[in-house]
Amino acid sequence: MNKVHSCDRTDLSRLHESYFFGLVAVMCFGAAILFIKLIPAPMEILHLGIGLSLTSYAINRNMQFKFAQRSYKKWNAGRGCIEFGPCWFFNLWSILTIIIFLLTIVTVAWLTYFGGTPYSGRTQLKIAMMVGVLLILSLVSLLSFPFGRWRKPEIVIDSVGVHLWPAGRYRTMIPWAAQPRVLGCVRHNGTPVALIETRTNSCYYFPMFTLPLGYVQFQRVLEFYSGYADARRSIGTPQGLVHVRSLMDFPVSEIAKDLHSQ
């Protein structure tokens, strides 16, 4: 199994990633400006396109981090359940970022071979190698996204268990009797996912990289409802929604005190 990163570290990495990729984007823009007369036009466009894609990605990650601080707004009451989402906005934004990247690659390849400006064989080979590597990375990233019915909630909790439904596809139900808990974040098929383990040592992978929800917050929800049967009985009530929303900001022990004081 891949290395398991703690929920706290994974949540903070969203903020760190936004700063890192923002810095790399600035470097790409700077290189395009500094070497505007020294490099071929396709390389210039490649630098600008990569910078634009990285800027979009950095803003996306930063907004996810900030929206996770107000994730309680995404939890709403359903019929005998509580739902999180849908959160199609960040999913769509991530895909559009990759599309910008792909359009840049196609434009660079077109200008290199069909743009009318002759380039040396060495320059063409260099651009072809870069375009090939970036194209493979883009396609792999695009295929990692869960395409489906984006208007469905990604998480549904009821008195029976938790239903995981990323982008309305591959719905999985884990009963509370199995006592699911979030161990942390791992990479599964190249994608960061929440690793969920049950008391029978069964493992589930839940992609959260496009959700404005913290790993710690999701960890608290599963811990609370796995450990307190009284809490599960109140899921379909207004108090149940209060409990879930409170878990976004407070530890399980604090919410448990409120549960037992009722």
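Residues numbered from 1 in each chain as written. Predicted model: local features only at pLDDT ≥ 70, side-chain atom pairs only at ≥ 80, totals over all residues. Heavy atoms only, no water.

Asks: What should I look at first to understand the overall build of the protein in this one?
Replies: The secondary structure content of the protein amounts to 8 helices and 8 strands. Expressed along its principal axes, the backbone C-alpha trace of the protein runs to roughly 75 × 35 × 30 Å. Evaluated residue by residue, the protein yields a buried proportion of 44% over its 262 residues. In the protein, the share of contacts with a sequence separation of at least 24, taken over all contacts with a separation of at least 6, comes to 61%. Roughly 13,900 Å² of accessible area belongs to the protein as shown, and the carbon and sulfur atoms make up 64% of that amount. Computed over 25 positive and 13 negative side-chain charges, the separation of the two mean positions in the protein equals 8 Å. (Helix = DSSP H or I, 4+ residues; strand = E, 2+ residues; numbered from the N terminus. Buried < 20%, exposed > 50% of the residue type's maximum accessible area, 1.4 Å probe, protein only. Contact = heavy atoms within 4.5 Å. Areas by Shrake-Rupley, 256 points an atom, 1.4 Å probe, with all protein chains shown as cover. Lys, Arg positive; Asp, Glu negative; His and termini not counted. Charge placed at Lys NZ, Arg CZ, Asp CG, Glu CD.)

Asks: Hey, could you run me through the sheet that holds strand β8 (residues 203–207) in this one?
Replies: Where strands meet in a sheet, backbone hydrogen bonds hold them as pairs that are either parallel or antiparallel. Strand order in the open sheet formed by 3 strands is β6-β7-β8, with antiparallel pairing between adjacent strands. At either end of the open sheet lies a strand with only one pairing partner, and these are β6 (181–188) and β8. When strand polarity is set aside, the average angle formed by the axes of neighbouring strands in this sheet is 35°. Pairing of β6 with strand β7 (residues 191–197) involves 7 bridges; the strand directions are antiparallel. Within the sheet, the bridge partner assigned to valine 182 lies in β7 and is isoleucine 196. (Pairing = 2+ DSSP bridges. Axes fitted to C-alpha atoms, helices over the stretch in contact; angles between N-to-C directions.)

Asks: Is there a simple way to think about the packing of aromatic side chains in this case?
Replies: Two descriptors summarise a pair of aromatic rings, namely the distance from one centre to the other and the angle between the planes of the rings. Inspection of the entire model under this criterion finds 12 aromatic pairs. Where phenylalanine 21 meets tyrosine 57, the ring centres are 4.9 Å apart and the plane angle is 75°; that geometry is what we call edge-to-face. Taken together, the residues span a long stretch of sequence, with phenylalanine 21 in helix α1 (residues 7–34) and tyrosine 57 in helix α2 (residues 41–68) at a distance of 36 residues. Arranged with centres 6.4 Å apart and planes meeting at 75°, the rings of tryptophan 88 and phenylalanine 89 form a pair that is edge-to-face. (Phe/Tyr/Trp six-rings, centres within 6.5 Å; stacked < 30°, edge-to-face > 60°.)

Asks: Where do I start with the pairing of strand β4 (residues 161–164) in this structure?
Replies: A regular strand carries its side chains on alternate faces of the sheet. Sheet topology places strand β3 (residues 155–157) next to β4; 3 bridges connect them, and they run antiparallel. From the neighbouring strand, isoleucine 155 faces β4, where its bridge partner is leucine 164. One ladder, built from 4 bridges, connects β4 with strand β5 (residues 172–175); its direction is antiparallel. In the sheet register, leucine 164 faces β5, and the bridge partner there is threonine 172.

Asks: Sorry, what's going on with the packing of helix α3 (residues 88–114) against helix α4 (residues 121–143) here?
Replies: Helix-helix packing is described using two parameters, namely the angle between the two axes and the distance between the axes. Look at α3 against α4: their axes get within 10 Å of each other, and the N-to-C directions meet at 160°. Classified by the angle between their axes, α3 and α4 sit roughly antiparallel to one another. In the packing of α3 onto α4, the handedness of the crossing is left-handed. Of the residues in α4, those in contact with Ile95, Ile98, Phe101, Leu102, Ile105, Val108, Thr112 and Tyr113 of α3 are Gln124, Ile127, Ala128, Val131, Leu134, Leu135, Ser138, Leu139, Ser141 and Leu142. Residue classes in the contact of α3 with α4 are distributed as 14 nonpolar, 4 polar and no charged. (Parallel < 35°, antiparallel > 145°, perpendicular 65-115°, else oblique. Left-handed = near helix turned anticlockwise from the far one by under 90°. Nonpolar A, V, L, I, M, F, W, Y, C, P; charged D, E, K, R; others polar.)

Asks: Just to check I follow, could you spell out the pattern of salt bridges for this structure?
Replies: A side chain with one charge may pair with a side chain of the opposite charge, provided their charged atoms come close. Tallied over the full model, the rule gives 4 salt bridges. We note a salt bridge from glutamate 17 to arginine 61, for which the minimum N-O separation is 3.2 Å. Taken as a pair, glutamate 17 in helix α1 and arginine 61 in helix α2 lie far apart in primary sequence, 44 residues in all. A salt bridge links aspartate 230 to arginine 233, with the nearest nitrogen and oxygen atoms 2.0 Å apart. (Salt bridge = Lys/Arg side-chain N within 4 Å of Asp/Glu carboxyl O.)

Asks: Explain the side chain of glutamate 197 to me, please; I cannot follow it from the model alone.
Replies: For glutamate 197, the position within the fold is in strand β7. You can call glutamate 197 buried: its relative accessible area is 16%. Ignoring any residue separated from it by four or fewer positions in sequence, one finds glutamate 197 in contact with Gln179, Pro180, Arg181, Leu183, Ser202 and Cys203.

Asks: Please explain the confidence of the model for the protein as it appears in this structure.
Replies: Averaged over every residue, the pLDDT of the protein is 88; the share at 70 or more is 95%. Mean pLDDT across the elements of the protein ranges from a minimum in α4, with 80, to a maximum in helix α5 (residues 215–227), with 96. (pLDDT = per-residue confidence, 0-100.)

Asks: I'm lost on the pairing of β7 in this one. Help?
Replies: The buried fraction of β7 is high, at 6 of 7 residues. Across 5 bridges, β7 lies against β8 in antiparallel orientation. Note on β8: the bridge partner recorded for isoleucine 196 is tyrosine 204. Where β7 folds back onto β8 in an antiparallel hairpin, the turn is made up of 5 residues, including asparagine 201, whose phi is positive at roughly 70°.

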